[in-house]
Amino acid sequence: MKNVDNILHTKGQSVFLDDIQLPEGLLYAAVFTSAAAHGKIKRLEVEKAKTNKGVIDILTYKSIPGENQVGGIIQDEPLLAQDEVSFIGDSIAVVVAETKAEAKRAFKDIEVEIEPLPVIVDPREAYAKGNLVAPVRTFVLGDVDNAWDQCDVIVEGRVDSGGQEHFYMEPQAAMAVPLENDGIKVYSSTQSPTVVQRTIARVLGLPMHKVEVDVRRLGGGFGGKEDQATPWAAMAALAAFNLKKPVKLTLNRHEDMVMTGKRHPYSSDFKLGLKADGTIMAYEVTFYQNAGAAADLSTAILERTLFHSTNSYHIPNVKATAASCYTNLPPFTAFRGFGGPQGMFVIESAMQKAAEKMNIKPSVIQQKNLLKEGDTFPYGMQVEDCRARRCWKEAEERYDFAKIYRDVETFNKTNKLKKKGAAVMPVCFGISFTNTALNQAGALVHVYTDGSVSVSTAAVEMGQGVNMKILRVVSHTFSIAPERVKIETTNTTRVANTSPTAASVGADMNGKAAEIACLQILERLKQVAADLLDHSNPQDIEVRDEQVYLTGQKTQLTWEKVVNDAYWKRINLSAQGFYATPGIYFDRSKEKGKPFAYHVFGTAIIQVTLDCLRGIYEVDEVHLVHDGGRSLNFLVDRGQAEGGLIQGIGWMTMEELIYSKDGRLITDNTSTYKIPDIKSTPAKVDVFFLEDAANPKAVLSSKAIGEPPFMYGIGTYFAIFNAMKAFRPKKSIYFDSPITPEKVLKFLYL
Ligand code: MTE
Ligand code: HPA
Ligand code: MOS
C-alpha cells in the first residue's frame with residue numbers, strides 16, 4: 001500500500017501547522033524569556049514595550065483568567081513566571097503584534113529585574129541538597145546483599161549519559177482561533193491533543209467542551225511534543241481568548257532548542273556480580289535523573305528506567321534505585337525510549353566492565369544471561385512469548401558474529417592507525433503506557449452512502465506512519481480498497497479523552513479501537529445483506545474485496561450497494577470504538593505487577609572503524625534482527641527500525657548537549673549541535689524481521705515498533721570503545737556518552 005502522505009510530502013502539499021490557511025486578522029505571538037537560570041523576579045514592567053509599533057498587547061501571569069499552571073503529573077510549572085524564574089528560557093511574557101518581527105522587537109523594552117539565586121545543573125548535587133521531584137523509588141528482586149558472596153567477579157563503576165535534542169523538523173507551533181460564546185479552536189503540533197485541551201481549559205478557566213484541539217500531522221515529535229507542545233498552545237489560546245483575535249505562535253529552531261526540554265541526562269552508579277562462567281548473580285544500580293526545573297513527565301520516565309534497568313537479561317538479585325532531581329535547566333521530557341535507553345546503557349556498561357575484567361568478549365556475558373520464557377523481571381512480571389534468544393540466534397547465524405569478530409581482529413593486527421570494533425546489542429522493551437490508565441483509545445468511524453469511509457481516532461500522525469497502519473486495519477476489516485478510507489485529523493471534539501500518541505502504542509490501541517468500530521458497522525451491514533438475500537443467518541455473510549459472499553459463494557451484492565441499502569433502511573452507518581488494553585496493572589506500593597501487554601525483542605550487531613589519528617569514526621555496518629510481529633506495513637516498519645537506530649547512534653556518539661555551570665545551553669543551534677546526517681549514517685543497515693512471529697496481543701497480530709529500535713544504537717558506544725581499546729589495550733573503559741571524537745582523542749593519547 002502506498003502511503004498517501006508520501007505523495008503529498010514529496011509534492012510539498014502536506015499541510016503542517018505553518019501551512020494552514022491564515023485566518024483574517026491573524027496576530028503573531030513571541031515569547032520573552034528569562035536570561036537567568038534561577039532568581040526572584042523583583043520587577044516586571046511591560047508598559048513601555050507595549051508602545052512599540054505593531055504591538056497589540058503583552059501578556060504576563062496577570063493576564064491569565066484561570067490558573068497559571070501547566071504541570072501534568074505534578075503541579076509545579078507556571079505557564080508564565082510569577083515570582084521566580086528557574087531556568088534560562090523560562091517564559092515570562094507573551095508579546096502579541098501584527099507581525100512576528102514586531103513582536104520580537106518589543107523585547108528590548110521589557111524591563112525585568114531578577115535577583116539571582118543559586119544555580120544547580122548537576123543531578124547529584126541536587127540529590128545531595130534534597131531537591132527531589134518525588135520520593136526515591138526502588139525495585140527489588142531476590143536479595144542482592146546476600147548475593148555478592150556467591151560471586152567470583154564483582155565490578156563497580158559510574159555511568160553518565162547526556163541529554164538529547166529532539167530536533168523534530170517542525171519546531172513547536174500552535175494557532176488559536178476564538179469561536180462564539182467564549183469558545184476556542186486550537187491547532188497544535190502536539191502528540192497529546194487532550195492534554196492541550198485540558199490545560200487550556202484550566203488556564204482560561206473554561207470547561208473542556210469550550211476548547212477544541214485539532215491536529216493534522218506533526219513534522220516529528222519523538223516525545224518532545226508529548227508534554228511540551230502544551231505551553232505554546234496555551235499561550236496562543238490565552239492571547240486569542242483575551243484579544244478575541246486569531247493568534248499564531250511558532251518557535252524558531254534556536255528558541256525551540258533553548259526553551260524546551262530534551263532527553264534527560266542521567267548519572268548512575270552500578271555494581272555487578274558474576275560467576276566465573278559469566279552468569280550474572282547480582283546487580284545494584286542507582287540512577288540520578290536530571291529532571292530540570294519542573295517535573296513534566298520525569299517521574300514516569302524514571303519509572304521506565306527502572307523497568308528497563310536489566311534490559312534483555314535475567315538477573316536473579318536486583319536492587320535498582322532511582323531519584324528524580326530538580327536542577328535549573330529546562331524541564332527534561334519524553335524522548336523515544338522514555339528513560340529505557342538510559343537504564344539499558346548502564347547495564348550494558350556494567351557488563352562491558354565485567355568482560356574487561358574477566359578478559360572475555362562482552363557478548364559471551366550478554367548471551368549467557370539472555371531472558372528465557374517464564375523468567376521474572378524485577379518488577380514482578382514474567383516474560384511471555386520470549387523472543388530474546390530467538391532474535392540473538394537468528395542474528396548470530398544470519399550475520400555470522402564469529403566471522404565479524406575474526407575480521408575485526410585481523411584488521412586490527414594489520415592496521416596501525418585504524419582500528420575496528422564490534423558490539424552486539426540485544427533489546428527488550430515493554431509495550432504499554434507504564435501509567436495503566438493511559439492505555440485506552442477511541443475511534444469514530446463513519447461510512448458514507450457512496451461506500452467511502454471516514455476514520456477519526458486518538459492517534460496523532462508524526463511521521464511514524466500510524467495513519468497508514470490504521471487505514472490498513474480499516475480497509476482490511478471491511479475488506480475494501482484503501483482508497484475508500486480517509487484518516488481524519490485528530491480532534492478532541494470527534495474523539496474525546498485521548499491518550500498521548502506515545503509509548504509506541506499508537507497503532508496498537510487506536511488500530512484496535514478502529515477495528516472495534518468497524519466490526520460494529522460490519523455486523524449491521526451483514527444483517528442488511530442477509531435480508532437482501534433472503535437469508536436468515538447474517539453470520540453466513542462475508543465481505544471480500546468489496547463483494548458480498550453468502551456461505552462462501554459470491555453474490556451480486558457489492559459493498560456500495562449494501563451500504564446504500566442500509567442507509568435507506570435507516571441503519572446506523574457510524575460507530576464509536578473503544579479499546580482498553582486488558583490484563584495490565586501495576587501496584588506502586590509493592591513495585592510489582594504486569595505493566596506491559598507484551599515485550600518487543602531484537603538483537604543488533606554494530607561494526608565501526610576508528611581513525612586513531614583524528615579520533616573520528618564511522619559506523620560501517622549494522623545488522624539487526626527485529627521482532628516486528630506481523631507487520632501492518634512493511635516499509636513503515638523498516639523506516640522505524642532504521643530511523644530509530646540512527647537516532648540512537650546520534651545520542652551515543654555525536655549529539656552533545658553542553659550546558660555551562662550557570663545553566664546556559666552552549667550547543668544552542670545547528671552549528672554547534674550535530675545530529676546524524678547522511679554521511680554519518682552507516683553505509684549498510686540490514687534489518688531482518690523475525691518470520692512467523694505473530695503477536696496475539698496486538699491488532700492483526702502486529703507489534704509496536706516506534707521506540708525499541710532506538711536502543712540498538714547503544715551498541716555503537718561499545719563498538720567504538722572496543723576499537724579504542726585495540727589501539728590502547730591497557731587503558732580501562734569508562735562510560736560517558738556521547739563518545740565524541742574529542743573524547744576519543746583524549747582516551748587514545750592522554
Ligand atoms: N517516527 C517519526 N518519523 N517521527 C516521530 O516523531 N516518534 C517516536 C516513534 N517514531 C516518531 C517516530 C516515538 S517517541 C514514539 S512513542 C512512536 O513513534 C509513537 O508512535 P506510535 O505509537 O504510533 O508508534
Ligand atoms: N511512555 C510514553 N509516554 C508516557 C508513558 C510511557 O510509558 N507513561 C506516561 N506517558
Ligand atoms: Mo514517545 S517518547 O513515547 O513519544
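The model shown is predicted, which means the values in this text are computed figures rather than measured ones. (Residues numbered from 1 in each chain as written. Chains lettered and ligands numbered in written order. Predicted model: local features only at pLDDT ≥ 70, side-chain atom pairs only at ≥ 80, totals over all residues. Heavy atoms only, no water.)

**Quick look at the site of ligand 1**
Close contacts around ligand 1 come from 18 residues, with Gly221, Phe222, Met462, Gly506 and Gln640 the closest. Within the contact set of ligand 1, an oxygen atom lies 2.7 Å away from a backbone nitrogen or oxygen of Gly221. Backbone polar atom of Gly463 to a nitrogen atom of ligand 1: 3.2 Å apart, as the coordinates give it. Taken together, the residues that form the shell around ligand 1 break down as seven nonpolar, nine polar and two charged. (Near = heavy atom within 4 Å. Polar contact = N/O pair within 3.5 Å; in protein donor to acceptor, adjacent residues only side chain to side chain. Nonpolar A, V, L, I, M, F, W, Y, C, P; charged D, E, K, R; others polar.)

**Focus on the packing of aromatic side chains**
In total, this model carries 28 aromatic pairs according to the counting rule given. Considering the side-chain rings of Phe139 and Phe586, the 6.0 Å spacing of their centres and the 40 degrees angle between planes classify their relative orientation as tilted. Linking Phe139 in strand β7 (residues 137-141) with Phe586 in strand β25 (residues 585-587), this pair joins segments that are 447 residues apart in sequence. The exposure classification of Phe139 matches that of Phe586, with both residues buried. Ring geometry for Phe345 against Phe718: centres 5.8 Å apart, planes inclined by 40 degrees, an arrangement best described as tilted. Of this pair, Phe345 sits in helix α10 (residues 340-358) while Phe718 sits in helix α18 (residues 714-727), and the two are 373 residues apart along the sequence. As far as burial versus exposure is concerned, Phe345 and Phe718 are alike and both buried. Taken together, Phe270, Phe335, Phe345, Trp651, Phe710, Tyr717, Phe718, Phe721, Tyr734, Phe735 and Phe747 form an aromatic cluster joined through their ring pairs. Between Lys244 and the ring centre of Phe241, over which it is positioned, the NZ or CZ distance is 4.2 Å. (Phe/Tyr/Trp six-rings, centres within 6.5 Å; stacked < 30°, edge-to-face > 60°. Helix = DSSP H or I, 4+ residues; strand = E, 2+ residues; numbered from the N terminus. Buried < 20%, exposed > 50% of the residue type's maximum accessible area, 1.4 Å probe, protein only. Lys NZ or Arg CZ within 6 Å of the ring centre and 35° of its normal.)

**Looking at the site of ligand 2**
Close to ligand 2 lie Glu226, Arg304, Phe338, Phe433, Thr434, Leu438, Ala502 and Ala503, which account for all nearby residues. Here Glu226 contributes a side-chain N or O atom positioned 2.9 Å from a nitrogen atom of ligand 2. In the model, an oxygen atom of ligand 2 is placed 3.1 Å from a nitrogen or oxygen of the Arg304 side chain. For ligand 2, whose free accessible area comes to 260 Å², the fraction covered by protein is 97%. In the shell around ligand 2, the residues fall into five nonpolar, one polar and two charged. (Areas by Shrake-Rupley, 256 points an atom, 1.4 Å probe, with all protein chains shown as cover.)

**Some details on the pattern of salt bridges**
Taken as a whole and judged by the stated rule, the model has 47 salt bridges. A salt bridge links Glu115 to Lys42; the nearest nitrogen and oxygen atoms lie 3.6 Å apart. Taken together, the residues Glu115 in strand β6 (residues 111-116) and Lys42 in strand β2 (residues 39-45) connect sequence positions 73 residues apart. Judged by its relative accessible area of 37%, Glu115 is partly exposed. Looking at Lys42, the relative accessible area reads 51%, which means it is exposed. A salt bridge links Glu384 to Lys697; the nearest nitrogen and oxygen atoms lie 2.9 Å apart. (Salt bridge = Lys/Arg side-chain N within 4 Å of Asp/Glu carboxyl O.)

**Concerning the environment of Lys393**
Relative to the helices and strands, Lys393 resides in helix α12 (residues 388-399). Overall, the relative accessible area of 48% leaves Lys393 in the partly exposed class. Once the C-alpha coordinates of Lys393 and Asp545 are considered, the two residues, 152 residues apart in sequence, prove to be 39 Å apart.

**Regarding the state of the cysteines**
A complete count under the given rule lists zero disulfides for this structure. Among the cysteines around Cys386, which has no disulfide bond, Cys428 carries the closest sulfur, lying 7.0 Å off. Of the residues examined, Cys386 reaches a relative accessible area of 16% and is grouped as buried. (Disulfide = S-S within 2.5 Å.)

**Observations regarding empty space enclosed by the protein**
In the structure shown here, the tally under the stated rule is five cavities of 30 Å³ or more. The volume enclosed by the largest cavity comes to roughly 80 Å³. As for the largest cavity, its lining consists of 14 residues, of which Asp508, Met509, Tyr579, Thr581 and Lys697 are closest to the centre. With three residues, the single largest contributor to the lining of the largest cavity is helix α15 (residues 506-532). Its residues assigned to classes, the lining of the largest cavity shows eight nonpolar, three polar and three charged. (1 Å grid on protein atoms, 1.4 Å probe; cavity = no way out; pocket = protein on both sides within 12 Å on 5 of 7 lines; lining within 4 Å. Points joined across faces, edges and corners; volume = space filled by probe spheres on them.)

**A short note on the packing of α15 against helix α16 (residues 559-568)**
Running from amino to carboxyl end, α15 crosses α16 at an angle of 95 degrees, the nearest separation of the two axes being 9 Å. As judged from the angle between their axes, α15 and α16 are roughly perpendicular. Here α15 contributes Leu525, Val528, Ala529 and Leu532 to the contact with α16, which in turn contributes Trp559, Val562, Val563, Asp565 and Ala566. Residues that form the contact of α15 with α16 fall into these classes: eight nonpolar, no polar and one charged. (Axes fitted to C-alpha atoms, helices over the stretch in contact; angles between N-to-C directions. Parallel < 35°, antiparallel > 145°, perpendicular 65-115°, else oblique. Contact = heavy atoms within 4.5 Å.)

**Details of the environment of Ile200**
Secondary-structure assignment places Ile200 in helix α6 (residues 193-204). Take Ile200: its relative accessible area is 0%, and that puts it in the buried class. The spacing of Ile200 and Thr230 is 30 residues in sequence and 8.3 Å in space, taken between C-alpha atoms. Aside from chain neighbours lying at most four places away, what touches Ile200 is Ile184, Val186, Val211, Ala233, Ala234 and Ala237.

**Digging into the domain arrangement of the protein chain**
Here the domain parsing of the protein chain yields domain 1 (4-118 + 166-259), domain 2 (266-434 + 588-749) and domain 3 (440-580). Computed from C-alpha atoms alone, the centre-to-centre distance between domain 1 and domain 2 is 35 Å. Each side of the interface is counted separately: domain 1 has 23 residues, and domain 2 has 30 residues. Carbon and sulfur atoms make up 61% of the area that domain 1 and domain 2 hide from each other, which totals about 2300 Å². Here domain 1 is connected to domain 2 by zero salt bridges. Residue composition of the side of domain 1 that touches domain 2, grouped by class: eleven nonpolar, seven polar and five charged. (Domains from an automatic or database assignment. Buried area = accessible area lost by both parts, 1.4 Å probe.)

**Re a nonpolar patch on the surface**
Where nonpolar side chains cluster on the molecular surface, the patch consists of Leu417, Leu613, Leu745 and Tyr749 and spans about 350 Å² of accessible area. Within the secondary structure layout, Leu745 lies in helix α19 (residues 741-749). (Patch = residues over 30% accessible without salt bridge, like charges linked within 9 Å, V, L, I, M, F, W, Y side chains within 5 Å.)

**A short note on the sheet that holds strand β13 (residues 266-274)**
With mixed pairing, the six strands of this open sheet are ordered in space as β7-β15-β14-β13-β8-β30. The open sheet terminates on both sides in strands that have one partner only, identified here as β7 and β30 (735-737). Taking the axes of each pair of neighbouring strands and ignoring which way they run, one obtains an average angle of 10 degrees across the sheet. Two strands pair when backbone bridges link them, and β13 and strand β14 (residues 280-292) are joined in this way by nine bridges, in the antiparallel orientation. (Pairing = 2+ DSSP bridges.)

**Brief notes about the nonpolar core**
If you look at soluble globular proteins, the nonpolar side chains tend to sit buried side by side. Core analysis: the largest hydrophobic core is formed by 151 residues, its most contacted members being Leu272, Val453 and Phe478. With twelve residues, α15 is the single largest residue contributor to this core. Here Leu272 is in contact with Trp148, Val153, Ile154, Val155, Ile280, Ala282, Tyr283, Ile347, Ala350, Met351 and Ala354, once residues within four sequence places are set aside. Counting residues in hydrophobic clusters, the runner-up holds 40 residues, among them Trp232, Ala236, Leu251 and Met259. (Core = buried A, V, L, I, M, F, W, Y, C linked by side-chain atoms within 4.5 Å.)

**Digging into α19**
Buried within α19 we find Lys743, Val744, Phe747 and Leu748. The arc enclosing the buried residues of α19, seen along the axis, measures out at 135 degrees, which places them on a common side. Residues of α19 that are exposed and angled more than 90 degrees away from the buried face: Glu742 and Lys746. As for α19, its buried residues are in contact with β27 (598-611), β28 (617-626), α18 and β30. (Arc of directions from axis to C-beta.)

**Side note on the sheet that holds strand β29 (residues 684-689)**
The sheet built from four strands is open, its strands ordered β16-β27-β28-β29 with mixed pairing. Each edge of the sheet is formed by a strand with only one pairing partner; in this case those strands are β16 (418-431) and β29. Across the sheet, the mean angle from the axis of one strand to that of its neighbour is 15 degrees, orientation sign disregarded. Running over the sheet, helix α17 (residues 634-653) touches β28 and β29 and is turned about 130 degrees from β29. Docked against the sheet, α18 engages β16, β27 and β28, running at close to 155 degrees with respect to β16.

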